[in-house]
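Structure assessment
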Amino acid sequence: MFPRPVRLCRLSSAPRQCNVNAQFSSPNRYQRFRTSSTTSQPPSKGPSGKLWLTAAVVAIAAGGAGIYTRSQGDTSSTTLDPVTFTNYELISKTPVSSTCSIFNLRPKRGGGINAEVYQDAFETGIWSVQFKQPQLQVGRDYTPLPPSMQFSSLDKGNDTSLQFLIRKDGEVSSYLHDLQPGSIVEMRGPQLGLELTPDVQEILFIVGGTGIAPALQAAHTILKCMRPRDETRIHILWANRRREDCLGGCSDTVGSQWSWWSKLYPTTKAVGTPGENIEERRNYVVEQLDELKRLYPKKVTVDYFVDEEKSLIGKDSIMKYINSRAQHPLVGPRKKKLIIISGPDGFVSYLAGPKMWHNGREVQGPLRGILKELNISGWSVWKL
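All chains use their own residue numbering, which begins from 1 and follows the written sequence. Restriction of local features to residues with pLDDT of at least 70 applies here, the model being predicted, together with a cutoff of 80 or more for giving and counting side-chain atom pairs; totals for whole chains, interfaces and linings are based on all residues. Hydrogens and water are ignored here; the side-chain numbers use all heavy atoms of the structure.

Taking an unreviewed UniProt entry as the reference, the protein is identified by name as FAD-binding FR-type domain-containing protein belonging to Trichophyton soudanense CBS 452.61. Of the protein, the UniProt comment under Cofactor (unreviewed entry) reads exactly: "FAD". UniProt positions are given in the numbering used here, feature names are shortened, and annotations may be inferred rather than shown by experiment.

What follows is the structure, given as structure tokens:
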């Protein structure tokens, strides 16, 4: 979910006339991928009946909207779709640390079936949308936060809005952070990164920074949209550059993350009002993770790692969890254990090797990195 910015074709004033590349011109509702291994996998032959029906409804709605809007001089679609760009309005941009903010956006024009599109995507798996930077004509994918993470009470009940955790880093992200509420952002999707099926029993997420968003999506899909077994487990190893990005986070299976280095040479700079007790404050995402742990005790656990405190995700932290689950065999036939890597390109490459391009498509590529060295059996690995 963290690809390099993608160069877009030059768009005219009518986005529907753009000759998008093959990656986005598929008639399928989503770009589908399977979860079996880290080797290159072809897309499935077609979406399920439910998704196909949704695609047909979207196509009819988009076509009708296109005829109407062209007659009115407005070419913006009303419904998010994977091929053409839809105008969204930036409703709010709320900082959660000195480098990250929660962006809340909703379609500029009403009348679409966005609620159905979102629900379908959240029930299917981990998905993203592509934002466009119009000046440079580049795009980047971002993962929406699940519905349970509505940022403000004012947003509750607004089922056409989407929220994103975005760090100010890179061409597209810097462009988004410079926007003011009321600005128009063009996006297209959903693009499915990983389909989650009911036979997934355990997931180990290894995530860096804003890569926590796919983990929150997966927890929503498995724990809320499906009916998980008692044995279902989701464990998250979350690495951040600074403590403020996970302020208040307390690890569940490892010891204190305050290393001897940070005690001698503290570098964390708290962001808050003077006199505020930092120990009582929590980062917004940490609050959401704690809420998941409260709602699903023993099913969701999290360990925190902070670069500036010299606490890093390594072989020991990965194998500690893997070994702890070895004594809990899978229940029932064809049950799956997944290790999912999500974060910046360098983070993913270090852990599992880089993703690769093949015939104009980004594919998994061979398993490399420290996960290859660990040679873990019984678990499938997937790179987002």
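Following the structure, the description resumes.
Here we look at empty space enclosed by the protein
Put simply, the grid is 1 Å and covers the protein atoms alone, a cavity is a trapped set of points that fit a 1.4 Å probe, a pocket is an open set with protein on both sides within 12 Å along at least five of seven lines, and lining residues have an atom within 4 Å of a point. Grid points are joined across faces, edges and corners, and a volume is the space filled by probe spheres set on the points. One pass over the structure, following the stated rule, counts 1 cavity of 30 Å³ or more. In this structure, the largest cavity spans a volume of roughly 60 Å³. Taken together, Val-96, Ser-97, Cys-100, Leu-165, Arg-167, Gly-209, Thr-210, Trp-238, Asn-240, Asp-245, Asn-283 and Val-285 make up the lining of the largest cavity. Elements are defined by DSSP. Helices are runs of H or I of four residues or more, strands are runs of E of two residues or more, and each kind is numbered from the N terminus. Among the secondary structure elements, those contributing two or more residues to the lining of the largest cavity are strand S6 (162–167) and strand S9 (233–240). Here the term charged refers only to Asp, Glu, Lys and Arg, the term nonpolar to Ala, Val, Leu, Ile, Met, Phe, Trp, Tyr, Cys and Pro, and the term polar to all other amino acids, Gly among them. Here the lining of the largest cavity is composed, by residue class, of 5 nonpolar, 5 polar and 2 charged. As used throughout, domain bounds are those supplied by an automatic or database domain assignment. When residues of the lining of the largest cavity are assigned to domains, at least three map to each of domain 1 (86–192) and domain 2 (196–255 + 282–383).

Structural notes on the nonpolar core
Buried Ala, Val, Leu, Ile, Met, Phe, Trp, Tyr and Cys residues form a nonpolar core when they are joined through side-chain atoms within 4.5 Å. Exposed residues in this analysis have more than 50% of their type's maximum accessible area, buried residues have under 20%, and partly exposed residues fall in between, with area computed by a 1.4 Å probe over protein chains only. The biggest cluster of nonpolar side chains holds 39 residues, and the ones touching the most others in it are Leu-196, Phe-205, Ile-212, Ile-236, Trp-238 and Leu-289. Of all the secondary-structure elements, those providing two or more residues to this core are strand S3 (100–107), strand S8 (200–208), helix H4 (212–225), S9, helix H6 (284–295), strand S10 (300–306) and strand S11 (336–342). Among the elements that make up this core, the one with the highest residue count is H4 (8 residues). With sequence-adjacent residues up to four places away left out, Phe-205 is seen in contact with Ile-126, Pro-214, Ala-215, Ala-218, His-235, Ile-236, Leu-237, Ile-340 and Leu-384. Grouped together as the second largest cluster of nonpolar side chains are 23 residues, Tyr-142, Ile-166, Val-185 and Leu-192 included. The contact criterion used throughout is that any non-hydrogen atoms of two residues lie within 4.5 Å.

With respect to the sheet that holds S8
Read from one edge to the other, the open sheet built from 5 strands follows the order S10-S9-S8-S11-S14, with strand pairing classed as parallel. For this open sheet the edge positions go to S10 and strand S14 (380–383), each flanked by a neighbour on one side alone. The mean angle between the axes of side-by-side strands here comes to 15°, regardless of whether they run parallel or antiparallel. Taken together, the 7 bridges between S8 and S11 define a ladder with parallel strand orientation. The residue bridging Glu-202 from the neighbouring strand is Lys-337, located in S11. Here an axis means a line fitted to C-alpha atoms, over the contact stretch when the element is a helix, while the angle between two N-to-C directions is reported on a 0 to 180 degree scale. Taken strand by strand, H6 contacts S9 and S10, and its axis lies near 150° from that of S10. Strands pair, by our definition, only if DSSP identifies at least two bridges between them.

Regarding the environment of Gly-125
Structurally, Gly-125 is set in strand S4 (residues 125–133). Setting aside anything within four residues of it in sequence, one finds Gly-125 in contact with Leu-192, Leu-194, Glu-195, Leu-196, Gln-217 and Thr-221.

Let's talk about the UniProt feature "binding site: FAD" (unreviewed entry) in the protein
Per the UniProt record, "binding site: FAD" (unreviewed entry) is found at Arg-140, Tyr-142, Leu-165, Val-172 and Ser-173. For the residues just named, distributed over 34 residues, the greatest C-alpha separation is only 13.6 Å, placing them together at one site. The subset of these annotated residues that lines the largest cavity comprises Leu-165. By secondary structure assignment, the location of Val-172 is in helix H3 (residues 171–177). Apart from residues lying up to four places away in sequence, Val-172 is in contact with Phe-131, Gln-133, Val-138, Gly-139, Arg-140 and Tyr-142. Within the secondary structure, Ser-173 sits in helix H3. We classify Ser-173 as buried; its relative accessible area is 1%.

A few points about the environment of Gln-133
Note on placement: Gln-133 falls in strand S4. In sequence terms Gln-133 and Glu-171 are 38 residues apart; their C-alpha atoms lie 7.9 Å from each other. Look past the residues within four positions of Gln-133 in its chain and what remains in contact with it is Val-138, Glu-171, Val-172 and Tyr-175.

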